[in-house]
Amino acid sequence: MNKITECIVNKNPSVTPVWFMRQAGRYLPEFREIRKKNQNFIKLCLNPDLVTEITLQPLNRFDLDAAIIFSDILMIPYGLGQKVEFKKNFGPKLGKLDVDTIVNIKPEEFLNKLLPVYEGIKKVKNKIENKNLIGFVGAPWTLLVYMFNGESPKKNFDINIINKDKSITTKILDKIEKIICLHVDKQIESGANIIQIFDSWAGLLPKEELEKYCYKPTLRIVDHIKKSKVPVICFPKGIKKNYENFCSIVKPDCISIDYDTDPNWMKSKANGIPIQGGMDPKILLTEQENIKKNVKKFTKIFSDYPYIFNLGHGVMPKTKPEAIEYVIKTVKEI
Ligand code: CP3
């Protein structure tokens, strides 16, 4: 059995699989090389040969236990007919939200646009039989934020745009939810054997809105995925103490924690649900001794609890590849 499956399904605390969010990305010179020649990020995500090559880049360098398919959560708004661009030194920029286009797009149309993504997954699958292949989606809330806000909410975001016209918000959310399920099904059919749901902006929600926009829509997707028997990892970033409610309501197969979450606290509140991640990605920018101290902190806390080593968010572009290698070595020597 693959290591992540062993950890999540058999809840075996003696295996500590390791992989990284954003393990394929700008910190790797070989990724930057391909990216330089492919300025259009969406087009790059729709090139099955390059998707395969980029997905496998970190696995060719490091002793990782999983590949995560090279794609993006914003392929969903793209597939729904909203314009999506990635601007240098700015991040994603989305076009105007046309509610009618989005609500009326047919599943076949969506799948047709994203066909190369699934071809890429099949190609990767053929090359990594003995490792887990992670497919992923953005959670409804995080996709809604990008689709309404048009850009990262980091600099500016007004939560009221979501409440301005509730019937539009409900229509879009409903559609996103269905399309997420479809996109997940297709990834599984193509060879993904773990699914991760990224709710990167769950932390923007006030406590009283979490149930409506985070827990409930995510639960419906988790329940849908569970029918296929593929384990699902949830990453509701930034929700602080509400991680406890998230676990008891959504009951994911594995909960991924951010760098603000105390791993000991989570362990005591997760009710046996396997835990992933937690270490601050900034630690990887420091010297080896400090990296080792922090990695050991996590492996020690979780020595008697099913745990997947990962970070509390993605690998930062400034990270040296040697730091990743060192983390893996440190995790595996225990
Ligand atoms: O290696 C992997 O983790 C798989 C590939 C992956 C990417 N994006 C590739 C990517 C995954 C899992 C994502 C998820 C994603 N995309 C999230 C959720 C995780 C998170 O980071 O919170 C979000 C919010 C996005 C949206 C997105 N895509 C942003 C905000 C940006 C620009 C800023 C940034 O973080 O790089 C992207 C671009 C993107 N997606 C890059 C990569 C490798 C960088 C592209 C480049 O500029 O060369």
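Residues numbered from 1 in each chain as written. Predicted model: local features only at pLDDT ≥ 70, side-chain atom pairs only at ≥ 80, totals over all residues. Heavy atoms only, no water.

Digging into the packing of helix α8 (residues 140–149) against helix α10 (residues 166–190)
Just so we agree on the cut-off: Under this scheme, a helix contributes an axis fitted over its contacting stretch, all axes are lines through C-alpha atoms, and angles between N-to-C directions fall in the 0 to 180 degree range. In this text, helices come from DSSP runs of H or I with a minimum length of four residues, and strands from runs of E with a minimum of two, each type numbered from the N-terminal end. Relative orientations are named as follows: roughly parallel for angles under 35 degrees, roughly antiparallel for angles over 145 degrees, roughly perpendicular for angles from 65 to 115 degrees, and oblique for any other angle. Crossing handedness is read from the near helix: turned anticlockwise from the far helix by less than a right angle, it gives a left-handed crossing, and turned clockwise, a right-handed one. Only heavy atoms matter for contacts: two residues are in contact if any of them lie within 4.5 Å across the pair.
For the pair α8 and α10, the least separation of the axes is 10 Å and the interaxial angle reads 125 degrees. Judged on the interaxial angle alone, α10 and α8 are oblique. In this structure, α8 meets α10 at a crossing whose hand is right-handed. The segment α8 lies against α10, with P140, L143, L144, M147 and F148 engaging I168, T169, I172, L173, I176, E177 and I180.

Topic: the layout of surface pockets
To keep it simple, the criterion reads: A 1.4 Å probe that fits into a set of points on a 1 Å grid over the protein atoms alone but cannot get out defines a cavity; an open set with protein on both sides within 12 Å along at least five of seven lines defines a pocket, and lining residues are those with an atom within 4 Å of a point. Grid points are joined across faces, edges and corners, and a volume is the space filled by probe spheres set on the points. Three classes are used: nonpolar for Ala, Val, Leu, Ile, Met, Phe, Trp, Tyr, Cys and Pro, charged for Asp, Glu, Lys and Arg, and polar for all others, with Gly counted as polar.
Approximately 1900 Å³ is the volume attributed to the largest pocket. Along its surface, the largest pocket is lined by 46 residues, and R22, R26, G91, P92 and P317 are the ones closest to its centre. Secondary-structure elements contributing two or more residues to the lining of the largest pocket are α2 (29–37), β2 (84–87), β3 (91–94) and α8. In terms of residue count, the dominant contributor to the lining of the largest pocket is α2 (four residues). Class assignment of the residues belonging to the lining of the largest pocket gives a composition of 22 nonpolar, 11 polar and 13 charged.

Points about the environment of K87
Where we set the bar: Remark: exposure states derive from per-residue accessible area (1.4 Å probe, protein chains only) relative to the maximum for the residue type, with buried under 20%, exposed over 50%, and partly exposed in between.
As for its position among the elements, K87 is in strand β2. A relative accessible area of 43% places K87 in the partly exposed class. For the pair K87 and K282, spaced 195 residues apart in sequence, the C-alpha separation works out to 24 Å.

A few points about unusual backbone geometry
Unlike most non-glycine residues, K11 shows phi in positive territory, near 50 degrees. With respect to the secondary-structure elements, K11 resides in the loop between α1 (3–8) and α2. Its identity is not glycine, yet K229 carries a phi of approximately 70 degrees, on the positive side. For K229, the location among the structural elements is in the loop between α11 (207–227) and β6 (232–236).

Brief notes about the site of the ligand
Applicable threshold: Any residue with at least one heavy atom within 4 Å of a molecule or strand is counted as near it. Throughout this description, a polar contact denotes any pair of N or O atoms lying within 3.5 Å of each other; where both atoms belong to protein, one of them has to be capable of donating a hydrogen while the other can accept it, and for residues adjacent in sequence the pair is counted only when both atoms sit in side chains. Here the open area of atoms and residues is found with the Shrake-Rupley method and a 1.4 Å probe, where only the protein chains shown may cover a residue. Think of it this way: a molecule belongs to a cavity or pocket when more than half its atoms come within 2 Å of the grid points there.
Taken together, 23 residues sit near the ligand, with R22, R26, R35, D72 and S200 positioned nearest. R26 is positioned such that a nitrogen or oxygen atom in its side chain is 2.4 Å from an oxygen atom of the ligand. About the coverage of the ligand: the protein hides 87% of its 860 Å² of free accessible area. When each cavity is represented as a set of grid points, the ligand is found to reside in the largest pocket. For the shell around the ligand, the class distribution of residues is 13 nonpolar, six polar and four charged.

Description of the sheet that holds strand β9 (residues 307–308)
The condition is simple: A pair of strands is treated as paired once DSSP finds two or more bridges between them.
If you walk across this open sheet you meet the seven strands as β1-β4-β5-β6-β7-β8-β9, and the pairing is parallel. Whereas interior strands pair on both sides, the edge strands pair on one side only; in this sheet they are β1 (66–68) and β9. Most of the contacts of α10 go to strand β4 (residues 132–138), to which it runs at about 165 degrees, and overall it touches β4 and β5 (194–199).

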